[in-house]
Amino acid sequence: MIPRPTHWTRAFRARRTTGSRTRRLLELHLAVIVLAALVSMTALLVSYREVQNAAGEMRSHAAPAVQGVSATQLALLRAHQEARLSVCFGIDEVVGAGARYEAQLSAAGQGLSRLSDVQIDGERGRGVLATVTGVLTSYSGSVTPGTVKYVHDDLMQRQKMSDADRQLNRPGTGVVPRLDVLQDHQMRRMGRISTLGPLQVTGWAVAELGLLVLVLTTLSALWLLRRRCGRSLDPWLLPTLLVAVALAVVPLWATAATQERLDAARHRLVRIEATASDPRVRSGDTASDPCVPSGGGASDPDRLADAQQYVTRASTELRDGLAARSWQSWTYYGALGAGALVLLLPAAGIARRLNADYYWRAG
């Protein structure tokens with residue numbers, strides 16, 4: 001025979017039922033907080049590291065590669081211009097192609113050597129550079145006889161200079177057009193590196209949304225502990241709110257600053273490439289007669305020099321703008337430590353309430 005419940009047994013059962021419901025609520029809050037912390041921190045750390053890696057790739061490879069191609073093209077065009085001028089003004093009878101030609105050709109050769117280390121077009125880019133190096137050797141082999149051996153033979157001199165011009169500027173197979181193709185591929189790659197893609201934007205959205213869920217769930221847990229467990233302020237959950245807010249703001253702010261530098265670098269690289277490929281800069285170097293500008297128009301001999309100066313100046317400013325900020329690197333490790341805190345603090349606080357004075361204060 002089951003005994004009838006008394007006043008005390010009914011009160012105990014009510015307390016136990018209420019306490020069980022409160023415990024389930026606390027356990028649910030703990031599970032949501034842990035899950036939100038894991039998801040948001042994974043997305044945040046991966047997204048932040050991707051942006052920093054993009055900045056490093058831009059600084060070490062993409063920017064030097066684009067600058068290098070533009071500088072090499074301008075040096076080659078300037079060298080060809082100097083060789084033509086030496087023929088036009090009879091300087092070749094004394095010094096051959098001239099010291100300026102040698103200096104510019106040497107600069108172009110050094111630029112090609114550096115490009116082999118920093119170019120961002122992979123195996124295809126290495127193939128282009130190997131071909132360009134070979135054609136450049138043939139180009140030099142045409143200019144040197146034209147400005148040294150055949151200085152008194154106008155017909156042979158014109159033929160050699162014409163051969164050199166074709167090797168330099170022939171559409172599709174010349175040195176400069178081949179470098180144009182390489183530059184086009186590098187500009188596309190550089191644009192992808194310096195721009196936030198859909199996956200990165202999604203990663204940041206997931207990270208911020210997860211942190212929002214974490215904050216709201218922590219506030220709900222604080223309210224639950226206050227209403228049902230008699231705890232006005234929990235010393236474990238309050239720091240969680242502060243750390244979560246810091247995680248939602250500081251890494252995003254650092255990413256915005258990095259992305260701003262990447263955008264500025266991309267725009268400057270576009271201007272550098274446009275300067276080197278400007279038809280007005282390249283005009284006047286494709287005539288069969290070295291003393292007659294192509295198309296019969298007059299070309300400004302200072303345009304190439306001005307373009308080279310601009311590319312050099314812009315490249316220096318670009319390197320300064322892409323210099324790494326030490327605090328942005330430390331932000332990643334700070335976010336990693338803060339992520340551990342937002343995972344451990346609420347777990348410790350809620351577990352303490354569950355295991356310590358939960359049954360006597362619940363309800």
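How each quantity is defined
Residues numbered from 1 in each chain as written. Predicted model: local features only at pLDDT ≥ 70, side-chain atom pairs only at ≥ 80, totals over all residues. Heavy atoms only, no water. Helix = DSSP H or I, 4+ residues; strand = E, 2+ residues; numbered from the N terminus. Buried < 20%, exposed > 50% of the residue type's maximum accessible area, 1.4 Å probe, protein only. Contact = heavy atoms within 4.5 Å. Areas by Shrake-Rupley, 256 points an atom, 1.4 Å probe, with all protein chains shown as cover. Axes fitted to C-alpha atoms, helices over the stretch in contact; angles between N-to-C directions. Parallel < 35°, antiparallel > 145°, perpendicular 65-115°, else oblique. Nonpolar A, V, L, I, M, F, W, Y, C, P; charged D, E, K, R; others polar. Salt bridge = Lys/Arg side-chain N within 4 Å of Asp/Glu carboxyl O. Patch = residues over 30% accessible without salt bridge, like charges linked within 9 Å, V, L, I, M, F, W, Y side chains within 5 Å.

## Here's the deal with the overall build of the protein chain
Looking only at helices and strands, the protein chain features 12 helices and 0 strands. Secondary structure of the protein chain in N-to-C order comes out as α-α-α-α-α-α-α-α-α-α-α-α. Buried residues in the protein chain amount to 44% of all 363 residues. Nonlocal contacts in the protein chain, meaning residues at least 24 apart in sequence, comprise 84% of its contacts between residues at least 6 apart. Only carbon and sulfur atoms are counted for the fraction: they give 60% of the accessible area of the protein chain, which is about 18900 Å².

## Considerations on the packing of helix α6 (residues 175-193) against helix α8 (residues 237-276)
Relative orientation of the contacting elements α6 and α8 amounts to 170 degrees, with a least axis distance of 11 Å. The pairing of α6 with α8 is recorded here as roughly antiparallel in orientation. Residues Gln-183, Met-187, Met-190 and Gly-191 of α6 touch α8, and the partners they reach there are Arg-266, Leu-269, Val-270 and Glu-273. Of the residues that constitute the contact of α6 with α8, the class distribution is 4 nonpolar, 2 polar and 2 charged.

## Some remarks on the pattern of salt bridges
Scanning the model with the defined rule gives 8 salt bridges in all. Between Glu-82 and Arg-78 there is a salt bridge, with its nearest N and O atoms 3.3 Å apart. Highlighted residues: Glu-82 and Arg-78, both in helix α1 (residues 7-88), separated by 4 residues, approximately one helical turn. There is no split in this pair, since Glu-82 and Arg-78 are both buried.

## Overview of the packing of helix α5 (residues 154-169) against α6
Two numbers describe how α5 lies on α6: the axes approach to 3 Å, and their chain directions differ by 5 degrees. The orientation of α5 relative to α6 falls into the category roughly parallel. Facing Gln-167, Leu-168 and Asn-169 of α5, the residues of α6 in contact are Val-175, Val-176 and Pro-177. Residue composition of the contact of α5 with α6, by class: 4 nonpolar, 2 polar and no charged.

## Considering the side chain of Gln-259
Assignment of secondary structure puts Gln-259 in helix α8. Not counting residues within four places of it along the chain, the set of residues in contact with Gln-259 comprises Ser-194, Thr-195 and Leu-196.

## Considerations on the environment of Ser-106
With respect to the helices and strands, Ser-106 occurs in helix α3 (residues 99-118). Take Ser-106: its relative accessible area is 37%, and that puts it in the partly exposed class. Remark: the alpha-carbon pair of Ser-106 and Ala-75, spanning 31 residues in sequence, is separated by 8.7 Å.

## Section: a nonpolar patch on the surface
Residues Leu-28, Val-32, Leu-209, Leu-212, Val-213, Leu-216 and Leu-219 make up a contiguous nonpolar surface patch of roughly 590 Å² in combined accessible area. Elements with a minimum of two residues in the nonpolar patch: α1 and α7 (198-228). At 5 residues, α7 tops the list of elements feeding residues into the nonpolar patch. Residue position: Val-32 is located in helix α1. A residue is classified by how much of its surface remains accessible, and Val-32, at 30% relative accessible area, is partly exposed.

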